[in-house]
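# Breakdown of the fold
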Amino acid sequence: MANNRGKQFESLIRESFEKVAGVSIDRIPDQTMRYKGANNICDFIVYKYPFEFYIECKTVHGNTLPFSNIKENQWNGLLAKSKISGVYAGVICWWVDKDVTLFIDIRRLEYLRNAGLKSIRYDNEEWTDLIVPIKGKKKRVFYEYDMEQFFEEVT
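Here the residue numbering is sequential within each chain, running from 1 through the sequence in written order. In keeping with the predicted nature of the model, local features appear solely for residues at pLDDT of at least 70, side-chain atom pairs appear and are counted solely at 80 or more, and the whole-chain, interface and lining totals rest on all residues. The side-chain figures draw on all heavy atoms in the structure; neither hydrogens nor water molecules are used.

By definition, pLDDT measures how confident the predictor is in each residue, and it falls between 0 and 100. For the protein chain, the mean per-residue pLDDT works out to 90, and 92% of the residues sit at or above 70. Runs of E in the DSSP output that reach at least two residues are strands. Runs of H or I that reach at least four are helices, and both are numbered from the N terminus. Model confidence for the protein chain, summarised as mean pLDDT per element, is weakest for strand β9 (residues 136–139) at 86 and strongest for strand β2 (residues 44–48) at 98.

Look at helix α1 (residues 5–18): 20 Å from first C-alpha to last across 14 residues, which is about the 20 Å you get at 1.5 Å a residue. Accessibility here uses a 1.4 Å probe with only protein chains present; expressed as a share of the type maximum, an area under 20% marks a residue as buried, one over 50% as exposed, and anything in between as partly exposed. If you check which residues of α1 are buried, you get G6, F9, E10, L12, I13, S16 and F17. Projected down its long axis, α1 carries its buried residues within an arc of 160°, all on one side. Here a polar contact is taken to be a pair of N or O atoms separated by no more than 3.5 Å, where protein atoms must pair a possible hydrogen donor with a possible acceptor and residues adjacent in sequence count only if both atoms sit in side chains. The backbone nitrogen of G6 has a side-chain oxygen 3.0 Å away, supplied by the residue at the start of α1, namely N4. To estimate how far a helix should reach, multiply one less than its number of residues by 1.5 Å. Here the arc refers to the directions that run from the helix axis out to each C-beta atom.

So, about the state of the cysteines. Put plainly, a disulfide is one covalent bond tying together the sulfur atoms of two cysteines. The term disulfide is used for any two cysteine sulfur atoms that are within 2.5 Å. The full count for this structure, using the stated rule, is zero disulfides. Just so you know, C42 is unpaired, no disulfide at all, and the nearest cysteine sulfur is the one on C57, 9.2 Å from it.

Let us look at the packing of helix α2 (residues 72–82) against helix α3 (residues 106–114). Only the contacting stretch of a helix is used when fitting its axis, a line to C-alpha atoms as for every element, and angles between N-to-C directions run 0 to 180 degrees. Following both chains from N to C, one finds α2 and α3 inclined at 125°, their axes separated by 9 Å at the closest point. Between α2 and α3, the angle is such that the two are oblique. Helix-helix and strand crossings are classified by hand; for α2 and α3 the assignment is left-handed. Facing E72, W75, L78, L79 and S82 of α2, the residues of α3 in contact are I106, R107, L109, E110 and R113. Oblique is the label for any angle not under 35 degrees, not over 145, and not in the 65 to 115 range, which are roughly parallel, roughly antiparallel and roughly perpendicular in turn. Crossings are classed by handedness, with left-handed meaning an anticlockwise turn of the near helix from the far one by less than a right angle and right-handed meaning a clockwise turn. Contact between two residues is taken to exist if any of their heavy atoms lie within 4.5 Å; hydrogens are not considered.

In this section: the nonpolar core. Side chains that are nonpolar tend, in soluble globular proteins, to be buried together. Working definition of a nonpolar core: buried Ala, Val, Leu, Ile, Met, Phe, Trp, Tyr and Cys residues. They are joined through side-chain atoms within 4.5 Å. Core analysis: the largest hydrophobic core is formed by 25 residues, its most contacted members being F17 and F150. For this core, the elements supplying multiple residues, two or more each, are α1, β1 (23–27), β2, β3 (51–60), β5 (87–95), β10 (142–145) and α4 (147–154). Sequence-distant contacts of F17, that is, excluding residues within four places in its chain, are made with V23, I25, V46, I55, I92, M147, F150 and F151. By size, the runner-up hydrophobic cluster in this structure holds 22 residues, among which are W75, V87, I104 and I120.

This paragraph deals with the packing of α1 against α4. With their axes 8 Å apart at the nearest point, α1 and α4 run at an angle of 80° to one another. With respect to each other, α1 and α4 are oriented roughly perpendicular. Along its contact with α1, which presents I13, S16 and F17, the element α4 presents M147, F150 and F151. Gly is put with the polar residues, along with every residue not named as nonpolar or charged; the nonpolar set is Ala, Val, Leu, Ile, Met, Phe, Trp, Tyr, Cys and Pro, and the charged set is Asp, Glu, Lys and Arg. In terms of residue class, the contact of α1 with α4 is built from five nonpolar, one polar and no charged.

Glancing now at the pattern of salt bridges. Criterion for a salt bridge: a side-chain nitrogen of Lys or Arg within 4 Å of a carboxyl oxygen of Asp or Glu. Tallying each qualifying case throughout the model produces twelve salt bridges. Among the salt bridges present, the one from E148 reaches K48, with a minimum N-O distance of 3.5 Å. You can see E148 sitting in helix α4 and its partner K48 sitting in strand β2, a full 100 residues away along the chain. Put simply, E110 and R113 hold a salt bridge, and the shortest N to O gap is 3.3 Å. One end of the pair is E110 and the other is R113, both in helix α3 and three residues apart, which spans about a single turn. The class of E110 is buried, set by a relative accessible area of 16%. By relative accessible area, R113 is classed as partly exposed at 25%.

The next thing to look at is the sheet that holds β1. Strands were regarded as paired on the criterion that DSSP finds at least two bridges between them. Strand order across the open sheet formed by six strands is β1-β2-β3-β5-β6-β8, with mixed pairing between neighbours. In this open sheet, the two edge strands, each paired with only one partner strand, are β1 and β8 (131–133). Adjacent strand axes in the sheet meet at a mean angle of 25°, parallel and antiparallel pairs treated alike. One ladder, built from six bridges, connects β5 with strand β6 (residues 100–105); its direction is antiparallel. Bridging across to β6, C93 finds its partner in L102. α1 rests against β1, β2, β3, β5 and β6 of the sheet, and its axis sits at about 150° to β3. Where α2 meets the sheet, it contacts β3 and β5, and its direction lies at approximately 135° from that of β5.

This is the structure:
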């Protein structure tokens, strides 16, 4: 099976987190067959003292991340996790055509969805709270991300 861009992005995110000292990262395997009702809420669980992160990775082309790209069980699961003290939950989205990668807290996404929006643009400056740019150095197609800075800005 060919490795698609989304899977390559997930691998890159994992490698970037692994470069940070004191980080534990667990990949939650995809359940393509939904074996016995299994349905993951995210791609990774990341721990860096004293915080835990539940992260779903998405890649999109164009200007927007459609909320329909996030499954209902992911919304519900990430929202439930975000209500626990010391836990952050959200989506790391790479807008491929725009060379922009953002962490968007699930609480911000839920607020926008409840306000009637169907997607979020990569460049809307009105929604800067709970949205953190993930900085990196571009290497041809993909980036080498600075996840140490991610931890500093999110927490």
